[in-house]
Amino acid sequence: QPMITMEHVSKKYENDALALDDVNITINKGEFVFIVGPSGAGKSTFMRLLLRETLPSSGTVKVNGYNISKMKNKDVPYLRRSLGIVFQDYRLLPNKTVYENVAFAMRVIEAPRRLIQRSVISVLDVVGLKEKYRCFPSQLSGGEQQRVAIARAIVNQPSIVIADEPTGNLDPETTWGIMEIFHRINQSGTTIVMATHNKDIVDTMQRRVIAISDGKIIRDVAQGGYDD
Ligand code: ADP
Ligand code: ADP
């Protein structure tokens, strides 16, 4: 079951930089996919197309049943709510507690109070932060803040989680704790697309690897490491 497809997708920015050049891929339900490549390869452009933060210059991008080029602006919030999104820099609300940071994602979709309580406690348990629900982000380590961000990303049970360098600011030990959580989320059937520079995690996890260089897909293997 395809969750994400790109057909003949190219992206040229105003300054004529060709960030993606005829990209063709299909990502199916339940896959765990690493997007790798050197700086400037086109990884961020690839990720931003999935969130409709930018539009393709040509070709077709489909995400969760939405056609990125053809969809109406008013539907963009629904696309984004159907995805769990995790950033390198966590992007938590500094003046809200851990609990409120996660609950906020459900309040915007006007979920009932009891469902919010039950779901927030449940996802904080998944990421191992149930006891810290009253803390503010500044009282947490970087790894803990990223775990809150992951809890927020999954609380509405998205079918796809999109993570852009989620461990980029973390030390190796903390990184493994975070990867274990993504692994668990993937085991429950959620599709995961993760851009990363971390050779160690890609080599160890042995999942699908899509390597981009100069805007082109130069390697796409069902199970492999960073370079081979
Ligand atoms: P990566 O994430 O792999 O570092 P990017 O997708 O950010 O790669 O960049 C791919 C290419 O597109 C680079 O040449 C970069 O300079 C260019 N680029 C990226 N974003 C923009 C932009 N907003 N405007 C113009 N050029 C851009
Ligand atoms: P790390 O070594 O992973 O960066 P820290 O040393 O920042 O972790 O934090 C270790 C523990 O202390 C964490 O559980 C964190 O929640 C707690 N902690 C860190 N800073 C504060 C703070 N300012 N107030 C309360 N608890 C804190």
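Residues numbered from 1 in each chain as written. Chains lettered and ligands numbered in written order. Predicted model: local features only at pLDDT ≥ 70, side-chain atom pairs only at ≥ 80, totals over all residues. Heavy atoms only, no water.

The name an unreviewed UniProt entry gives the protein chain is Cell division ATP-binding protein FtsE, with Megamonas hypermegale as the organism. Database annotation for the protein chain, UniProt heading Subcellular location (unreviewed entry): "Cell membrane". On record in UniProt, under Function (unreviewed entry), the comment for the protein chain is "Part of the ABC transporter FtsEX involved in cellular division." (UniProt positions renumbered as here; feature names shortened; annotations may be inferred.)

Colleague: Before we go on, may I ask you to explain the site of ligand 1 in this structure?
Modeller: Around ligand 1 lies a shell formed by Tyr13, Asn15, Ala19, Pro38, Ser39, Gly40, Ala41, Gly42, Lys43, Ser44 and Thr45. Backbone polar atom of Lys43 to an oxygen atom of ligand 1: 2.9 Å apart, as the coordinates give it. Here ligand 1, which alone exposes 550 Å², has 63% of that area covered by the protein. It is helix 1 (residues 43–50) that provides the largest number of residues to the shell around ligand 1, a total of three residues. Tallied by class, residues from the shell around ligand 1 come to four nonpolar, six polar and one charged. (Near = heavy atom within 4 Å. Polar contact = N/O pair within 3.5 Å; in protein donor to acceptor, adjacent residues only side chain to side chain. Areas by Shrake-Rupley, 256 points an atom, 1.4 Å probe, with all protein chains shown as cover. Helix = DSSP H or I, 4+ residues; strand = E, 2+ residues; numbered from the N terminus. Nonpolar A, V, L, I, M, F, W, Y, C, P; charged D, E, K, R; others polar.)

Colleague: What's the story with the sheet that holds strand 8 (residues 191–195) in this structure? I'm lost.
Modeller: Whenever strands of a sheet pair, they do so through backbone hydrogen bonds, lying parallel or antiparallel. Strand order across the open sheet formed by six strands is 6-7-8-3-9-10, with mixed pairing between neighbours. Among the strands making up the open sheet, the edge pair consists of strand 6 (83–86) and strand 10 (216–224). Across this sheet, the average inter-strand angle for adjacent strands is 15 degrees, counted without regard to direction. Bridging between strand 6 and strand 7 (residues 160–164) involves four bridges; their strand directions are parallel. In the sheet register, Val86 faces strand 7, and the bridge partner there is Ala163. (Pairing = 2+ DSSP bridges. Axes fitted to C-alpha atoms, helices over the stretch in contact; angles between N-to-C directions.)

Colleague: Would you explain the sheet that holds strand 5 (residues 66–67) in this entry?
Modeller: On the basis of which strands lie adjacent, the open sheet formed by four strands has the order 2-1-4-5 and antiparallel pairing. At either margin of the open sheet sits one strand with a lone partner, and together these are strand 2 (18–28) and strand 5. Pairing of strand 1 (residues 2–12) with strand 2, which is carried by seven bridges, proceeds in the antiparallel orientation. Among the inter-strand pairings, Val9 is bridged to a residue of strand 2, identified as Val23.

Colleague: Sorry if this is basic, but what is going on with the site of ligand 2 here?
Modeller: In the region of ligand 2, the neighbouring residues are Lys132, Gln139, Leu140, Ser141 and Glu144. Between an oxygen atom of ligand 2 and a side-chain N or O atom of Lys132, the distance comes to 2.5 Å. Between ligand 2 and Glu144, the relevant distance is 2.7 Å, taken from an oxygen atom to a side-chain nitrogen or oxygen of the residue. Partitioning the shell around ligand 2 into residue classes produces one nonpolar, two polar and two charged.

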